[in-house]
Amino acid sequence: MHEPRGRMTKDGIRIYEDADFAGMHAAGRMAAQILDEVAQLVTPGTTTAAIDDFIRGRVQELGAVSATIGYRGYRHASCISVNHVVCHGIPSPKLLNDGDILNIDVTVILDGWFGDTSRMYVAGTLGRKAERLIEVTHEALMLGIAAVKPGNTFGDIGAAIQAHVETNRMSVVRDFCGHGLGRVFHAPPNVLHYGRPGTGPVLEEGMFFTIEPMVNLGRPETKVLADDWTAVTRDRSLSAQFEHSVGVTATGCEIFTLSPADRFHPTWG
């Protein structure tokens, strides 16, 4: 007999109802659409502040609210993390250089639902090492998503990501993780991008969460700068990240944040 939907598990993870998937798809698609539109702005000589201004305007024009503006005092509509910045990079007037890689992370609130996604971009010419890092990170995300189905565990997701990254002689960041979401920005569980198969909470139909592996070319250690937001690699090696929001279905999962223009990867389209 199925337990009722709309409840909490013993691990504090909310189980959403079938009708809730539509709201998450709408919010996720909007966030992904904005990231599609941003691609044309990512060129050498552009500032990350200008990119953030565009995102702020589009969120408003599309009738949504930025989840990050005002969140714990944060003042921007995106996090933009360049080169060795792992996550939570603050948009600034600094110019992008040819060959810079950057992750842009956007979360919108639409009709009370949170759409959270990030992806990689390149300004100008993509270097070979950076290209391989981006490829491995994207592949790791998709392998993690492939492990999402009822009866599997969150450890299965992390193990799939970790195995692929380390096979390619790169490292998974351990200081940051994915998270539950829905009608809140951050909720249980913590979705680790490393781990052992069969460990952690069991996946159930109706769970909503992000998977967002951060992968470094060098060592996994990070440090947070004096601004209390920007996380960087301690060895200053390049870092990459991709993020999707997903919902567990009876047979697997649905990705809420698919790119409408199929531009989720910087070498596509």
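Above: the structure in question.
Before going into details, it helps to say that this report is about the structure given with it. What you see is a predicted model; the values in this text were computed from it and never measured.

About the thresholds
- Residues numbered from 1 in each chain as written.
- Predicted model: local features only at pLDDT ≥ 70, side-chain atom pairs only at ≥ 80, totals over all residues.
- Heavy atoms only, no water.
- Helix = DSSP H or I, 4+ residues; strand = E, 2+ residues; numbered from the N terminus.
- Polar contact = N/O pair within 3.5 Å; in protein donor to acceptor, adjacent residues only side chain to side chain.
- Contact = heavy atoms within 4.5 Å.
- Buried < 20%, exposed > 50% of the residue type's maximum accessible area, 1.4 Å probe, protein only.
- Pairing = 2+ DSSP bridges.

## Overview of the side chain of Arg58
Okay, so step 1: Looking at the secondary structure, you find Arg58 in helix 2 (residues 48-61).
Okay, so step 2: A polar atom in the side chain of Arg58 sits 2.6 Å from the side chain of Glu37.
Okay, so step 3: Sequence-distant contacts of Arg58, that is, excluding residues within four places in its chain, are made with Gln33, Ile34 and Glu37.

## Digging into the side chain of His179
Okay, so step 1: Relative to the elements of secondary structure, His179 occurs in strand 7 (residues 178-180).
Okay, so step 2: Using a relative accessible area of 7% as the deciding quantity, one classes His179 as buried.
Okay, so step 3: From its side chain, His179 meets the backbone oxygen of Phe185 in a polar contact 3.1 Å long.
Okay, so step 4: A distance of 3.4 Å separates a polar atom in the side chain of His179 from a polar atom in the side chain of Glu212.
Okay, so step 5: In contact with His179, not counting residues within four places along its chain, are Asp116, Phe185, His186, Ala187, Pro189, Val191, Phe209, Thr210, Glu212 and Glu243.

## Some thoughts on the pairing of strand 4 (residues 101-110)
Taken residue by residue, a regular strand's side chains alternate between the two faces of the sheet.
Okay, so step 1: In terms of burial, strand 4 is largely enclosed, as nine of its ten residues are buried.
Okay, so step 2: When strand 1 (residues 65-66) meets strand 4, the two strands line up antiparallel, connected through two bridges. Counted as the bridge partner of Val65 is Ile109 from strand 4.
Okay, so step 3: Note that strand 2 (residues 79-82) and strand 4 share four bridges and pair antiparallel. By the bridge assignment for strand 4, Ile80 is matched with Ile104.
Okay, so step 4: The pairing of strand 4 with strand 5 (residues 113-122) spans ten bridges and is antiparallel. Its bridge partner lying in strand 5, Val106 is registered against Thr117.
Okay, so step 5: The loop that links strand 4 with its antiparallel partner strand 5 comprises two residues; one of these, Asp111, has a positive phi angle of about 55°.

## A look at unusual backbone geometry
Most peptide bonds adopt trans geometry, and most residues besides glycine take a negative phi value.
Okay, so step 1: Between Pro188 and Pro189 the backbone carries a cis peptide bond, its omega angle lying at 10°.
Okay, so step 2: Take Pro189: it is sitting in strand 8 (residues 187-191).
Okay, so step 3: Backbone geometry at His88 places phi at a positive 60°, although glycine is not the residue there.
Okay, so step 4: Summarising the element assignment, His88 is placed in the loop between strand 3 (85-87) and strand 4.

## A look at the pairing of strand 5
Okay, so step 1: Counting buried positions along strand 5 gives ten out of ten residues, so the element sits mostly inside the fold.
Okay, so step 2: Residue alternation in strand 5 divides its side chains into two sets, Trp113, Gly115, Thr117, Arg119 and Tyr121 and Phe114, Asp116, Ser118, Met120 and Val122, and both sets are buried.

## A short note on the sheet that holds strand 6 (residues 171-172)
Okay, so step 1: An order of 6-10-13 is seen for the three strands of this open sheet, with the pairing classed as antiparallel. Either end of the sheet is taken by a strand with one partner, and the two such strands are strand 6 and strand 13 (239-241).
Okay, so step 2: Summarising the sheet, strand 6 and strand 10 (residues 214-216) pair through two bridges and their orientation is antiparallel. The residue bridging Val172 from the neighbouring strand is Val215, located in strand 10.

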